[in-house]
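Structural characterization, general
Here is how the chains run, residue by residue.
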Amino acid sequence: NGRAFTRGANGARLIGWLHGNQFEDFQIRFDNFSVANAGLYSCIGPRGQVNASLTVIPQITPHSKNVRVFKGSRLRVSCISQGYPDSSITWKIPGGHAGPPVRTQTISGTSSSELVVQNAGSNDNGTFVCQAQNSAGTSRAEVNVLVMEKLHFVNFSRSGIVSAAGERVVLNCQVAGYPTPTLSWYFTQPGRASVKRSETGPTYTIETMQQANEGNYTCVAESMMPCCPQKTAQPSISTSFIVTIESPKDLSGDCKTDTGAGCFDDGSSAAPLKVTTSLTIGALMAFLFFF
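The structure reproduced in this document is the subject of the present report.

In this section: the overall build of the protein. On a plain count of helices and strands, the protein comes out with two helices and 20 strands. Within the protein, buried positions represent 29% of all 291 residues. Surface summary for the protein: the accessible area is close to 19200 Å², and the carbon and sulfur share equals 52%.

All right, on to the state of the cysteines then. Using the criterion set out here, one finds two disulfides in the structure. Disulfide partner of Cys79: Cys130, at an S-S distance of 2.0 Å. Negative torsions about the S-S bond denote left-handed disulfides, and the value of about -70 degrees found for Cys79 with Cys130 makes this one left-handed. With Cys79 in strand β7 (residues 75-84) and Cys130 in strand β12 (residues 126-134), this pair connects stretches of sequence that are 51 residues apart. Under the relative-accessibility criterion, Cys130 is labelled buried at 0%. Cys173 shares a disulfide with Cys219; S-S distance 2.1 Å.

Once that is clear, we can look at a nonpolar patch on the surface. Taken together, the side chains of Phe30, Phe33 and Leu54 present a nonpolar region at the surface, about 230 Å² in accessible area. Among the secondary structure elements, Leu54 is positioned in strand β4 (residues 48-54). Looking at Leu54, the relative accessible area reads 31%, which means it is partly exposed.

Strand order in the open sheet made by the five strands is β14-β20-β19-β16-β17, with mixed pairing throughout. The sheet is open, and its two edges are formed by β14 (160-163) and β17 (195-196), each paired on a single side. Bridge count between strand β19 (residues 215-224) and strand β20 (residues 232-245): nine bridges; the pairing is antiparallel. Note on β20: the bridge partner recorded for Tyr217 is Phe241.

Our next topic: the environment of Ala52. Structurally, Ala52 is set in strand β4. When the C-alpha positions of Ala52 and Tyr41 are compared, they lie 5.1 Å apart, and in sequence the two are eleven residues distant. Residues in contact with Ala52, not counting those within four places in the same chain, are Trp17, Gly39, Leu40 and Tyr41.

This brings us to the nonpolar core. Counting residues in hydrophobic clusters, the biggest one holds 19 residues, and the most contacted among them are Leu75, Val77, Trp91, Phe128 and Val145. If you list the elements that add at least two residues to this core, you get β6 (66-70), β7, β8 (88-93), β11 (112-117), β12 and β13 (137-156). For this core, the element with the highest residue contribution is β13, accounting for four residues. Once you skip the residues sitting within four places of it in the chain, Leu75 turns out to touch Val67, Val69, Leu115, Val116, Val117, Ala120, Phe128 and Val145. Formed by 17 residues, the second largest nonpolar core is a distinct cluster that contains Ile161, Leu183, Tyr217 and Val243.

This brings us to the sheet that holds strand β10 (residues 104-108). In spatial order, the strands read β5-β7-β11-β10; together these four strands make up an open sheet with antiparallel pairing. With one partner strand each, in any of the chains shown, β5 (56-62) and β10 form the two edges of the open sheet. For this sheet, the mean inter-axis angle between neighbouring strands, taken without regard to orientation, is 20 degrees. Where β5 meets β7, five bridges bridge the pair, whose relative direction is antiparallel. By the bridge assignment, Ile60 is partnered in β7 with Ser81.

Glancing now at the pattern of salt bridges. Summed over the entire model, instances satisfying the criterion amount to three salt bridges. Note that Glu142 and Arg140 form a salt bridge whose closest N and O atoms lie 3.9 Å from each other. Owing to a relative accessible area of 44%, Glu142 belongs among the partly exposed residues under this scheme. The shortest N-O distance in the salt bridge between Arg168 and Glu207 comes to 3.2 Å. Taken together, the residues Arg168 in the loop between β14 and β15 (169-178) and Glu207 in the loop between β18 (203-206) and β19 connect sequence positions 39 residues apart. Among the residues examined, Arg168 registers a relative accessible area of 54% and is labelled exposed.

The rules we used
- Residues numbered from 1 in each chain as written.
- Predicted model: local features only at pLDDT ≥ 70, side-chain atom pairs only at ≥ 80, totals over all residues.
- Heavy atoms only, no water.
- Helix = DSSP H or I, 4+ residues; strand = E, 2+ residues; numbered from the N terminus.
- Buried < 20%, exposed > 50% of the residue type's maximum accessible area, 1.4 Å probe, protein only.
- Areas by Shrake-Rupley, 256 points an atom, 1.4 Å probe, with all protein chains shown as cover.
- Disulfide = S-S within 2.5 Å.
- Patch = residues over 30% accessible without salt bridge, like charges linked within 9 Å, V, L, I, M, F, W, Y side chains within 5 Å.
- Salt bridge = Lys/Arg side-chain N within 4 Å of Asp/Glu carboxyl O.
- Pairing = 2+ DSSP bridges.
- Contact = heavy atoms within 4.5 Å.
- Core = buried A, V, L, I, M, F, W, Y, C linked by side-chain atoms within 4.5 Å.
- Axes fitted to C-alpha atoms, helices over the stretch in contact; angles between N-to-C directions.

Next up, the structure:
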C-alpha cells in the first residue's frame, strides 16, 4: 500500500499489525473495543504475515420497543444491527415466522430490516422478534405491538329522558373497542361542578327519581395501555344524558266544559246529561181534545 514499515536501529523491519491503512506496534491493546475496531488484521514480520479477523457479535436494537396502530392500518416494525461481519436479520411474528407474503413484506439492508404488515388485525397483537446473526453469534430484540380498535358506541339511551317522580331510571352506555374500555360516570347540575360517580359499568341506575337527581349525566369511555394502566392508548369518547322529572298535570284546566259536565280522576270530562220525553199517539190526541 506504499506505506513504509517501522524499522529498528539495524534497519530490520519490526513486527507489527496492519489494519486497513494503519500500522500498529507488535502488541495491540483495545481499552474500549467497538465495532470500528473489528475487521481483518495482518501481523507482518521479517518472515511474512499472518492474518487474523476480529469479529463482533451483532447487537440488534429496535427503532421503537412499543408500536401502536389502529385495526386495518399498515403496521411497520424495524430493527438495526451493529456487528462484524454484516449480519442477516430475520423476523418472528406472533404465532410463527413472518408470512404469508401477501400480507407482509421485509425490507432489508446491510445492517437494518423493516417488516411491513398490511391490514393489521387483532391476530397481530403481541411480540415481534427481530434476530441478527453473523459468524460471531446471534442476538435478538423484541417489539411490543398493540393493534387498537377505535372506541365507538354500540348502544346508548336517548339524550333527553323525562321520568315521573319516584320511578326507577336506567341509563345505558355500551362501548366497544380495544383495548377494552373502562367507563366512568359524571353528574352535573347547573351552577355546580361535575361530580364523578362510583359506577363504572355500562349502566347507571337511579333507583328513585327525585328532584335532586335532575341534571346532566355523562358517560366517558377510556382505553388504557395493557402494559401501563395509567397511560391512555387512544382518545376517549363520551356522551351525555339530560334527566328531568315529568311536570304534574293541571286537572283544574283540563275539565272545563260548556255543558256542565263533571270530571273524572284521570282528567277526562263526563258527557252532559240528556233528558228525553216519549208520548204515545193516543195520549197526545186526548191531550189536544181536552184543551
